[in-house]
Every structure is written in structure tokens, then in C-alpha cells.
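Here's the letter readout for the chains.
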Amino acid sequence: MNFMQENKLLKIGSILFIVGGLLGGLVPIINSLSTMGTASQITSVYGSEEAFDQMILAQSGGTIGGDTALGIFYGMIIFMVALYAIMMIIHILVGVLGLSRAKNPQRSRFFTVWGIILLIFGVLNVLLSGVFSLSAILGMISGIAAPILFLVGASQMKKAQQA
């Protein structure tokens, strides 16, 4: 193996993936779970569970009731939390692996591939969530800044290896 001096951009990008991924995952997970509330809190806005059920039946043309609507709502929240958790784990793993591979020029492809993949997801995240929330700002750190550092660092690593 041909080891060289550790690329600082790759190291910084890896740290941003770890910190940004952790915070960028936990904040929306906590926010999502806090919106769930209890069924009584959600239905109390309509006065009672029966009023909520009648409103849902009226809006759906009688096809679903309040319990089904709440089930769909809770299912969507759980699905979103699972997606945030998966992305958080991916960011943390890529960051940890990046720290261990920052000195190895044969691993430049790792940084290029993960930089591109996570940059695409980061841009999609910004487009879908905007840029003016804590969650979006944290997402930009691990979804845009860190992948760009990976791509630039991988390019530097390739050039240093070829020289």
C-alpha cells in the first residue's frame, strides 16, 4: 500500500459527515416524532373523536374513517423517521470510513463515489426542505459541504498519486 500524507479536505469532510449526519438526522427525527402526538390531541382540534371521524368520512366520500386517517398519518411519520435514520447511519459510516481511508491514495474512488451519491441526496434534500430551517442547514453541512470536500479531496489525492 502506498500511504501519503492525510488529505485535510477528506478528513474535514469525514468529520462533517459524522457531525452533520448525526445532528442532521436527530433533529428531523425528533421533530417528526414530536408531531405525532396522541390520537386524542389530534382529534381534540375537531371537538371530539366522533366529530373528527365524521369530518374524515365526509372528506373521503365515506371511504375511510378517522382511525384509518390517523393510521396513515402515523405510518407516514414512521416511514419518514426510518428514512432519516437510514441516511444518518449512512452519513456516519461514510464519515468514519473516510477518516480511516484519508491517507490511502488507492481509496480515492471511495471518496468520489460516496461524494457524488451523497451530493445528489443533499441537493434533493435542500430542494425538498428549503434552506431556512435548522434541519435544512444541518442537512446542507452533511449533504452538500461534506460531499464537495470529498470530491475535491479525492481529486487532489489522485493528482498526488499520479505525480
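Our structure is the block above this text.
Note that the structure is predicted; figures quoted are calculated from it, not measured.

1. A look at the overall build of the chain
- Summing up its helical and strand segments, the chain has six helices and zero strands in all.
- The order of α-helices and β-strands along the chain, N terminus first, is α-α-α-α-α-α.
- Computed over the C-alpha atoms, the radius of gyration of the chain is 22 Å, more than 25% above the 15 Å expected from 2.2 N^0.38 for a compact globule of 163 residues.
- For the chain, the spread of C-alpha atoms along the principal axes amounts to about 75 × 25 × 25 Å.
- Of all 163 residues assigned to the chain, the portion counted as buried reaches 32%.

2. Regarding the packing of helix H1 (residues 8-34) against helix H6 (residues 134-162)
- In the contact formed by H1 and H6, the axes pass within 8 Å of each other and the chain directions differ by 160 degrees. One way to sum up the angle between H1 and H6 is to call them roughly antiparallel. Between H1 and H6 lies a crossing whose hand is left-handed.
- Of the residues that constitute the contact of H1 with H6, the class distribution is 19 nonpolar, nine polar and no charged.

3. What to know about the environment of Gln5
- On the secondary structure map, Gln5 appears in the segment before H1.
- Classification of Gln5 as exposed rests on a relative accessible area of 64%.
- Gln5 sits 100 residues away from Pro105 along the chain, and the two C-alpha atoms are 9.5 Å apart.

4. As for the packing of aromatic side chains
- Tallying each qualifying case throughout the model produces six aromatic pairs.
- Aromatic side chains Phe73 and Tyr74 sit 5.7 Å apart centroid to centroid with 50 degrees between the ring planes, which places their arrangement in the tilted category.
- Overall, the relative accessible area of 30% leaves Phe73 in the partly exposed class.
- Geometrically, the ring pair formed by Phe110 and Phe111 is edge-to-face, given 5.1 Å between the ring centres and 85 degrees between the ring planes.

5. Digging into the environment of Leu33
- In this structure, Leu33 sits in helix H1.
- Here Leu33 falls in the partly exposed class, since its relative accessible area comes to 43%.
- As a C-alpha pair, Leu33 and Ile77 span 44 residues in sequence and 7.1 Å in three-dimensional space.

6. Remarks on the side chain of Ser142
- In this fold, Ser142 is placed in helix H6.
- Beyond its immediate sequence surroundings of up to four residues, Ser142 is in contact with Leu16, Phe17, Gly20, Gly21, His91 and Pro147.

7. What about the side chain of His91?
- The residue His91 is located in helix H4 (residues 66-101) in this model.
- Looking at His91, the relative accessible area reads 9%, which means it is buried.
- Setting aside residues no more than four positions away along its own chain, His91 makes contact with Phe17, Ile18, Gly21, Leu118, Ser142 and Gly143.

Cut-offs and rules
- Residues numbered from 1 in each chain as written.
- Predicted model: local features only at pLDDT ≥ 70, side-chain atom pairs only at ≥ 80, totals over all residues.
- Heavy atoms only, no water.
- Helix = DSSP H or I, 4+ residues; strand = E, 2+ residues; numbered from the N terminus.
- Rg over C-alpha atoms; globule rule 2.2 N^0.38 Å.
- Buried < 20%, exposed > 50% of the residue type's maximum accessible area, 1.4 Å probe, protein only.
- Axes fitted to C-alpha atoms, helices over the stretch in contact; angles between N-to-C directions.
- Parallel < 35°, antiparallel > 145°, perpendicular 65-115°, else oblique.
- Left-handed = near helix turned anticlockwise from the far one by under 90°.
- Nonpolar A, V, L, I, M, F, W, Y, C, P; charged D, E, K, R; others polar.
- Phe/Tyr/Trp six-rings, centres within 6.5 Å; stacked < 30°, edge-to-face > 60°.
- Contact = heavy atoms within 4.5 Å.

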